[in-house]
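# Coordinates in review
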Amino acid sequence: MMRAQEEPFPGHGMKPSPPPQGGVYSQPAEGPEVPADKEVTGSPSRAMPEPPEGGWGWVVMLAAMWCNGSVFGIQNACGVLFVSMLETFDSKDDKAMVFKTAWVSSLSMGMIFFCCPIVSVFTDIFGCRQTAVAGAAVGLIGLMFSSFVSSIEPLYLTYGIIFACGCSFAYQPSLVILGHYFKKRLGLVNGIVTAGSSVFTILLPLLLRVLIDKLGLFDTLRVLCIFMFVLFLAGFTYKPYHPGAKYKDNGKKGEKKIFLFSRRKFSLSRKVFNFSIFKVTGYSVWAFGIPLALFGYFVPYVHLMNHIKERFAEESNKEVVLMCIGITSGVGRLLFGRIADFVPGVKKVYLQVISFLFIGLMSMMIPLCSVFGALIAVCLLMGLFDGCFISIMAPIAFELVGAQDVSQAIGFLLGFMSIPMTVGPPIAGLLRDNLGSYDVAFYLAGVPPLLGGAVLCSVPWIHEKWKQKEMSIIGGEKLEKMLENQTTLLPSSTGIIKKDSDPVF
């Protein structure tokens with residue numbers, strides 16, 4: 001018999017309620033109800049606006065490209081600055097000068113990544129634009145202070161910490177803001193953005209060599225301040241994309257409060273340290289495998305120029321090896337960034353596995369090159385797969401934890417990366433000071449990428465198992481909720497049926 005007045009069960013033919021007056025239409029969200037004080041405008045799965053795949057996003061992409069170029073172009077060209085620092089501050093009585101000087105560049109690169117978990121908090125609270133602009137200003141100040149030092153030790157603070165921290169605050173928002181404007185093209189856009197560092201890596205070694213020869217180390221650092229000032233201006237373009245946002249009067253005249261499409265408001269504790277992302281098993285393994293692979297990653301960037309100076313003293317154009325890395329790294333970022341768009345889900349990790357395999361092997365090949373042309377070939381291959389590793393890091397993070405938590409996921413990962421990237425180059429410098437050559441240092445630098453790549457092979461399988469487990473739990477909760485609703489509805493419905501049917505029988 002028909003139960004005419006029975007309400008339908010959730011998820012079974014339920015008709016959406018009419019849109020609120022003056023608001024945005026949103027369908028009812030699955031799951032438990034949200035209290036009235038936690039007002040929402042729809043579920044993220046149904047009401048979250050799709051990225052525009054362009055528009056102002058192209059301007060943001062160019063600004064982010066400049067950010068990657070100015071930050072990592074300077075870092076990747078540190079080999080030229082490294083040699084200049086040795087010549088400027090070298091003391092013949094100090095036999096550990098290579099070890100001491102290596103700390104400047106490695107500390108700088110390490111601090112960029114070490115600050116990223118903190119940067120992710122600032123990005124979540126204050127937004128991409130404010131965080132990036134403030135970071136560029138701090139980096140500009142640190143680089144300017146670095147041009148007035150008289151010994152190597154103050155550079156640990158001015159260049160290795162202040163300048164690097166500013167770069168970190170400017171860099172990470174450039175990764176997060178891209179997800180506001182792109183989804184289907186995110187791999188390609190990340191490839192273009194990260195190719196900015198390749199372009200700068202190609203051009204900066206030659207520019208730095210000319211500037212150092214004509215102006216010296218300190219005036220060269222002052223010229224680089226111009227790059228940071230442009231980065232400061234570029235940060236103002238990071239306007240978040242929030243179409244259809246609903247405004248509500250909060251009771252004070254002239255003030256309005258914006259409610260974005262979200263299931264609930266995040267608590268401050270969730271914004272500050274969102275450790276729940278480590279419950280995603282695939283992300284936890286990925287966040288362990290990447291740092292493991294990077295213990296030797298930055299060694300060639302710091303020490304390759306000095307190695308060439310010692311092994312190929314007759315070569316006059318030594319900077320060409322950094323240019324080769326930069327050229328093929330840019331090609332790799334564009335190529336593999338586009339390829340990643342066609343690789344489904346977390347299987348993009350396999351591209352990183354391949355890249356670490358080749359990076360490790362090429363690092364081991366450096367001391368075996370007795371001909372300068374062979375070294376150039378090795379650097380070309382190393383740059384190609386370096387671009388592959390970098391360009392798909394953000395898309396993999398999106399796949400593992402989703403857009404909602406990607407800021408802190410990237411932040412934690414980059415923070416973990418800071419330790420190996422800081423420790424690796426000084427250890428290589430220590431080996432050089434004690435053994436008289438870089439051979440053992442480059443051999444050992446190739447081992448961690450191979451180990452890290454082996455760990456990453458398991459990430460797609462682990463993440464798939466985790467998703468199946470989560471889906472079974474969610475499915476059980478939904479079934480339990482449906483049964484609760486059915487139990488609640490049956491008594492009233494039975495009464496209705498009995499009342500209507502009494503006159504018939």
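Bear in mind that the values here come from a model prediction, so they are computed numbers and not experimental data.

Looking now at the side chain of Gln352. Position of Gln352 relative to the elements: it lies in helix 15 (residues 349–365). A relative accessible area of 0% means that Gln352 is categorised as buried. Filtering out sequence-adjacent residues up to four positions away, Gln352 remains in contact with Trp286, Ile290, Phe389, Ile392, Met393, Ile396 and Leu456.

Assignment of secondary structure puts Leu292 in helix 12 (residues 281–293). As a C-alpha pair, Leu292 and Pro449 span 157 residues in sequence and 7.2 Å in three-dimensional space. Those residues in contact with Leu292 that sit more than four places away from it in its chain are Pro448, Leu451, Gly452 and Val455.

This model, assessed by the stated rule, comprises 21 aromatic pairs. For the ring pair Tyr283 and Trp286, a centre distance of 6.2 Å and an interplane angle of 55° mean the geometry is tilted. You can see Tyr283 and its partner Trp286 sitting in helix 12, three residues apart, about one turn around the helix. The class of Tyr283 is buried, set by a relative accessible area of 0%. For the pair Phe312 and Phe372, a centre-to-centre distance of 5.6 Å together with 65° between the ring planes defines the contact as edge-to-face. One end of the pair, Phe312, is in the loop between helix 13 (299–311) and helix 14 (320–340); the other, Phe372, is in helix 16 (residues 372–391), and 60 residues separate them in sequence. Each of the two residues, Phe312 as well as Phe372, counts as buried. Arg222 extends its terminal NZ or CZ atom over the ring of Phe148, reaching a point 4.5 Å from the ring centre.

The next thing to look at is the nonpolar core. Counting residues in hydrophobic clusters, the biggest one holds 133 residues, and the most contacted among them are Tyr283, Trp286, Leu375 and Met417. Examining the composition of this core, we find that eleven residues originate from one element, helix 7 (residues 153–176), more than from any other. Other than its neighbours up to four places away in sequence, Tyr283 contacts Ile277, Phe278, Leu400, Val401, Gln408, Ala409, Phe412 and Leu413.

What follows covers the side chain of Thr220. With respect to the secondary-structure elements, Thr220 resides in helix 10 (residues 217–234). Given a relative accessible area of 0%, Thr220 falls into the buried group. Within the structure, the side chain of Thr220 is placed 3.5 Å from the backbone oxygen of Leu211, a separation counted as a polar contact. At 3.4 Å, the side chain of Thr220 and the backbone nitrogen of Ile212 are in polar contact. In this view, Thr220 contacts Leu208, Leu211 and Ile212; residues no more than four positions away in its chain are not counted.

Cut-off values and rules
Starting from 1, residues in each chain are numbered consecutively following that chain's sequence as written. Where local features are concerned, this predicted model is filtered to residues with pLDDT of at least 70; where side-chain atom pairs are given and counted, the filter is 80 or more; whole-chain, interface and lining totals use all residues. Neither water nor hydrogens contribute to the side-chain values; these are computed over all heavy atoms in the structure. Secondary structure elements follow DSSP: runs of H or I of four or more residues count as helices, runs of E of two or more count as strands, with numbering from the N terminus. Working definition: with a 1.4 Å probe on protein chains only, accessible area under 20% of the residue-type maximum means buried, over 50% means exposed, and in between means partly exposed. Residue contacts are counted whenever heavy atoms from the two residues lie within 4.5 Å of one another. Paired rings are identified among Phe, Tyr and Trp, the last through its six-membered ring, by centres lying within 6.5 Å, and are further divided according to the angle between planes into stacked (under 30 degrees), edge-to-face (over 60) and tilted (the rest). Charge-over-ring placement is defined geometrically: NZ (Lys) or CZ (Arg) within 6 Å of the ring centre, and within 35 degrees of the ring normal. To define a nonpolar core, start from buried Ala, Val, Leu, Ile, Met, Phe, Trp, Tyr and Cys residues and group those joined through side-chain atoms within 4.5 Å. Polar contacts here mean pairs of N or O atoms no more than 3.5 Å apart (in protein, one a potential hydrogen donor and the other a potential acceptor; neighbouring residues in sequence count only if both atoms are side-chain atoms).

Bear in mind that shape data such as this cannot, by itself, settle questions of function.
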